[in-house]
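One-letter residues, chain by chain:
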Amino acid sequence: MNALAAQLDPFIAEVQQHWGVPGLAIAVVRRDGPVLVRAYGVRDVATSVPTDIATTFAIGSCTKAFTSGVAAALVDADVIGWDDPIRKYLPSFKLHDCWISDRVTLRDVLANRTGLSRASVAEYGSDLSRAEVLRQARHVQPIAGFRDQFTYSNIGYVIAAEAMAMSVGHSFDRVMDEYLLRPLGLRGREVSDAARATNNIAAPHYQIDGKVQSVPSLSFDNLLGAVGHSMSAQEAATWLAFHLEQGGRGGVQVISQQQLRETHLLQTVRRDRTANDGYGLGWHVRNQRIQHDGTVRGFRTNIWCDLEGGVAIFVATNIGSGFAHFAVTNRIIQAMRGEPFIDWITYFDDMARVELSERVARFDKERLAEPISASRWSQNDFVGTYRHEGFGLLHVEPRSDYLWFRIDGLSGFDGPLMRYSSLSFEYQGDRDAMAWPTMAVPRAPQGECARVRFCAAEDEVNALTWYDWFGSADFVRIK
């Protein structure tokens, strides 16, 4: 343990400095026991209280493996079956297609093979209740055929969690506690924000005006099953060992090898049809290894397991930007394998720089090809209400010298639209769907953010396309 820490500590200090990471939690486990369980930095820059191995970090979409783990336990208990229709437990459940609604199963939603788009008001950060998120599923449009390929969806995991809850007649929190967390010796879902001051919980952070600051945490009650779990380095060591031991804990088989292995198996391939790369049940699967990362407001996490090689890694950070979680994971993998070290900080910086340069190049091309000065459209011509089947109503509203973007039920995404060409605007709201809404302030467009492009026919602006974290969404003007 000391030898690995000696190799990692200087690199982690460099990572913290480079990406402004307040705190990290790390667990490295082999099949024969923990190799390193450690915490670095502080819970909150406002208090400077240090982290320790019991400090919990929000793990975002790494929650999905817990949800599939609950499903495996319920299959073991003969409560549910992987291929049970969702309607067996949620009779009123509907998707966009009646035929699919009748046939979609727990396996389908857990394997992210429903074909659903992420372009939905309910997919992340909405103001909707849990019941409203479930009802919203019928409005989410497909981007692929049913059971055809991998299409990531938070809503699918909310559906799965609710179906499991109905299968035993208890809340999903209680089902998770009884069937998975307590048997593993882990605590239940995180305490409320009101209790934060007296609990060992990391605070979310962002870089705001060049300074790392803590921000309010985001409630995930409406997306339980998809996100919402939190974990410390100490707990992560138990969670990783459980997977390496194929469902066992301390000589006791908590979940059968057969059912836990079902979550680790490739269930659906990616859109490029790569046969060794796709999704299992709550895990990305590639070359017989499983992995999942998670990002929620102010946190980034990565979990990586080489089940055949018998080693697993957990890295959590309480900063909502940068690539510290991936850089540290990759350095640990190289250290465990005895490989030469790659400069992962430069690697991820270069990757981000290429992505940004491509975005800025497109921005410059549009700006120069369609100058505002030559446009027939005034800024007021874009003001109106637009509709998308999944997102619902988008309002483009006038401000003094810019426009304002607002979607009903998605207030965290409210933000400025800053014009940079005849028909294009830079969307300066919550581009990553994670940040604190008050961070959205108008500034001169630089091509660094997401964008909204309007369409016009004859004498009217009649539609727009929003390009962002979910891909793209086409809205039609209704007034």
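In this report, we go over the structure that sits alongside the text.

**Observations regarding the nonpolar core**
Then step 1. Counting 110 residues, the largest nonpolar core has Phe314, Phe391, Phe454 and Trp466 as the members making the most contacts within it.
Then step 2. Counting residues per element, this core draws most heavily on helix α6 (residues 154-168), at nine residues.
Then step 3. Filtering out sequence-adjacent residues up to four positions away, Phe391 remains in contact with Ala119, Ser120, Val121, Ile407, Leu410, Trp466, Phe470, Ala473 and Phe475.
Then step 4. In terms of nonpolar packing, the next biggest core, distinct from the first, is built from 29 residues, Leu4, Ile26, Val35 and Ile333 among them.

**Here's the deal with the pairing of strand β21 (residues 460-468)**
Then step 1. Across seven bridges, the pairing between strand β20 (residues 450-457) and β21 is antiparallel. Looking at β21, one finds that Ala457 is bridged to Glu460.
Then step 2. Linkage of β20 to β21, two consecutive antiparallel strands, is achieved through a turn of two residues, within which Glu458 is found at a positive phi near 55°.
Then step 3. Two successive antiparallel strands, β21 and strand β22 (residues 471-477), enclose a turn made up of two residues.

**Points about the sheet that holds β20**
Then step 1. On the basis of which strands lie adjacent, the closed barrel formed by eight strands has the order β15-β16-β17-β18-β19-β20-β21-β22 and antiparallel pairing. Across this sheet, the average inter-strand angle for adjacent strands is 30°, counted without regard to direction.
Then step 2. Here strand β18 (residues 415-419) pairs with strand β19 (residues 424-427) via three bridges, running antiparallel. When the bridges of β19 are listed, Arg419 appears paired with Phe425.

**A look at unusual backbone geometry**
Then step 1. The backbone phi angle of Asp78 is positive, close to 60°, even though this residue is not glycine.
Then step 2. With respect to the secondary-structure elements, Asp78 resides in the loop between α2 (63-76) and α3 (98-103).
Then step 3. You will see that Glu458, though not glycine, has its phi angle at about 55°, which is positive.
Then step 4. Positionally, Glu458 belongs in the loop between β20 and β21.
Then step 5. Taking relative accessible area as the criterion, Glu458 reaches 71% and is therefore assigned exposed.

**Re the packing of aromatic side chains**
Then step 1. For the structure shown, the criterion picks out 29 aromatic pairs.
Then step 2. Consider the rings of Tyr386 and Phe454, whose centres lie 5.8 Å apart with planes at 65°: the pair is edge-to-face. One end of the pair, Tyr386, is in strand β15 (residues 384-388); the other, Phe454, is in strand β20, with 68 residues separating them in the sequence.
Then step 3. Taken together, the ring pairs in this structure connect Phe391, Phe405, Phe413, Tyr427, Trp466, Trp469, Phe470 and Phe475 into an aromatic cluster.
Then step 4. Sitting over the ring of Phe11, Arg331 keeps its end group 4.0 Å from the ring centre.

So, how was this worked out
- Residues numbered from 1 in each chain as written.
- Predicted model: local features only at pLDDT ≥ 70, side-chain atom pairs only at ≥ 80, totals over all residues.
- Heavy atoms only, no water.
- Core = buried A, V, L, I, M, F, W, Y, C linked by side-chain atoms within 4.5 Å.
- Buried < 20%, exposed > 50% of the residue type's maximum accessible area, 1.4 Å probe, protein only.
- Helix = DSSP H or I, 4+ residues; strand = E, 2+ residues; numbered from the N terminus.
- Contact = heavy atoms within 4.5 Å.
- Pairing = 2+ DSSP bridges.
- Axes fitted to C-alpha atoms, helices over the stretch in contact; angles between N-to-C directions.
- Phe/Tyr/Trp six-rings, centres within 6.5 Å; stacked < 30°, edge-to-face > 60°.
- Lys NZ or Arg CZ within 6 Å of the ring centre and 35° of its normal.

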